[in-house]
Amino acid sequence: MFRPHPYKTNIMSITVKFFASLRETIGKQEVKLDLSQPLTVAQVWTLAGDNAHFPEHILAAINLEYVDRDTMVQDGDEIAFFPPVTGG
Amino acid sequence: MQQVVITETAFNPWQFLQDYEQQLQQHHPKIGAVSTFVGTMRDNNEGDAVQMLFLEHYPQMTEHYLRKISAQAMQQWQIMDTLIVHRVGAMSPNDTIVLVAAWAAHRGAAFDACRYLIEELKHRAPFWKRETLPTGARWVEHNTPA
């Protein structure tokens, strides 16, 4: 009978990236996280950025596509957080 | 050809257009109109002198997003090709930041597609400007309205 390893509780690994002014404010460029339960984008923000709330103006992407704060992250996802864009 | 170019090297938009169009005309002899937008670095912003600009981006997503809006423009309008060239890294006043072009048989589609591409780029493509002023550096927090 299959039994899960008693010490291995992580169910997924994700990469979190911060860009531009956000990278400077948070003081991190990239964080790798092992999650023990499914999380939304807003919950990943809280976990990775040591912040309580997900600010209204911050944009989020998963695997290079824009997503909203309630999107669930999946194993292997690259989640990016960044301020409003100012190109062109 | 639907080319998307992100470059750290300064470029002459008019030369780039001429070279690109020469190649394009071999594939599309029915082109009757091209609409272009060229964005250039100003030496001032919000009342302050700007000495230098650094453009940061999210490399894979930038290219992915610009390819996506190029494909959307082809679906939405009767156009034959699009071109987007965007500078990143450090630049000086008068340097070209962005070149957008759309080719079509007639002007309406060319104008509309070009406008769509530059507005989508400015509002959604992950680029960020950091300005160097005489008093220090700051991130640009929002784009100018269209």
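As the structure is a prediction and not an experimental result, all values here were calculated from the model.

Here is what the cut-offs are and how they apply
Residues numbered from 1 in each chain as written. Chains lettered and ligands numbered in written order. Predicted model: local features only at pLDDT ≥ 70, side-chain atom pairs only at ≥ 80, totals over all residues. Heavy atoms only, no water. Salt bridge = Lys/Arg side-chain N within 4 Å of Asp/Glu carboxyl O. Helix = DSSP H or I, 4+ residues; strand = E, 2+ residues; numbered from the N terminus. 1 Å grid on protein atoms, 1.4 Å probe; cavity = no way out; pocket = protein on both sides within 12 Å on 5 of 7 lines; lining within 4 Å. Points joined across faces, edges and corners; volume = space filled by probe spheres on them. Nonpolar A, V, L, I, M, F, W, Y, C, P; charged D, E, K, R; others polar. Pairing = 2+ DSSP bridges. Axes fitted to C-alpha atoms, helices over the stretch in contact; angles between N-to-C directions.

A. Geometry of the pattern of salt bridges. For the structure on display, the rule yields 10 salt bridges over all chains. Two residues, R23 of chain A and E56 of chain B, come together in a salt bridge whose shortest N-O distance is 2.6 Å. Pair noted here: R23 of chain A is in helix α1 (residues 20–26) and E56 of chain B is in strand β5 (residues 52–57), and the two residues belong to different chains. A salt bridge links E119 of chain B to R115 of chain B; its shortest N-O distance comes to 3.0 Å. Of this pair, E119 of chain B and R115 of chain B both sit in helix α3 (residues 107–124), four residues apart, which is roughly one turn of the helix.

B. Molecular detail of the layout of surface pockets. Of the voids in this model, the largest pocket is the one considered here, and its volume is about 360 Å³. What lines the largest pocket is a set of 21 residues, and nearest its centre among them are G88 of chain A together with R42, N45, K129 and T144 of chain B. Listing elements by their share of the lining of the largest pocket, those giving two or more residues are β2 (33–40), β3 (44–45), β8 (96–104) and β9 (127–133) of chain B. Looking at the lining of the largest pocket, the element that brings in the most residues is β2 of chain B, giving three residues. For the lining of the largest pocket, the class distribution of residues is eight nonpolar, eight polar and five charged. Lining the second largest pocket are 14 residues; nearest its centre among them are F37, R115, I118, E119 and A146 of chain B. Elements that contribute at least two residues to the lining of the second largest pocket include exactly β2 and α3 of chain B. Top contributing element to the lining of the second largest pocket by residue count: α3 of chain B, with seven residues.

C. Local environment of the sheet that holds β5 of chain B. Residues and elements named next belong to chain B. The sheet built from four strands is open, its strands ordered β7-β5-β9-β10 with antiparallel pairing. In the strand order of this sheet, the two ends are held by β7 (89–91) and β10 (136–139), each with one partner. The sheet shows a mean angle of 20° between the axes of neighbouring strands, direction not considered.

D. The arrangement of the pairing of strand β3 (residues 59–62) of chain A in detail. Residues and elements named next belong to chain A. Alignment of β3 against strand β5 (residues 78–82), held across four bridges, turns out to be antiparallel. Note that in β5 the partner of I62 across the bridge is I79. Here β3 pairs with strand β4 (residues 65–67) via three bridges, running antiparallel. Looking at the pairing, I62 lines up with E65 of β4. Hairpin connection from β3 to β4: two residues lie between these consecutive antiparallel strands, with N63 at a positive phi of about 50°.

E. Layout of unusual backbone geometry. With a phi angle near 75°, L64 of chain A is a residue other than glycine that sits in the positive phi range. Summarising the element assignment, L64 of chain A is placed in the loop between β3 and β4.

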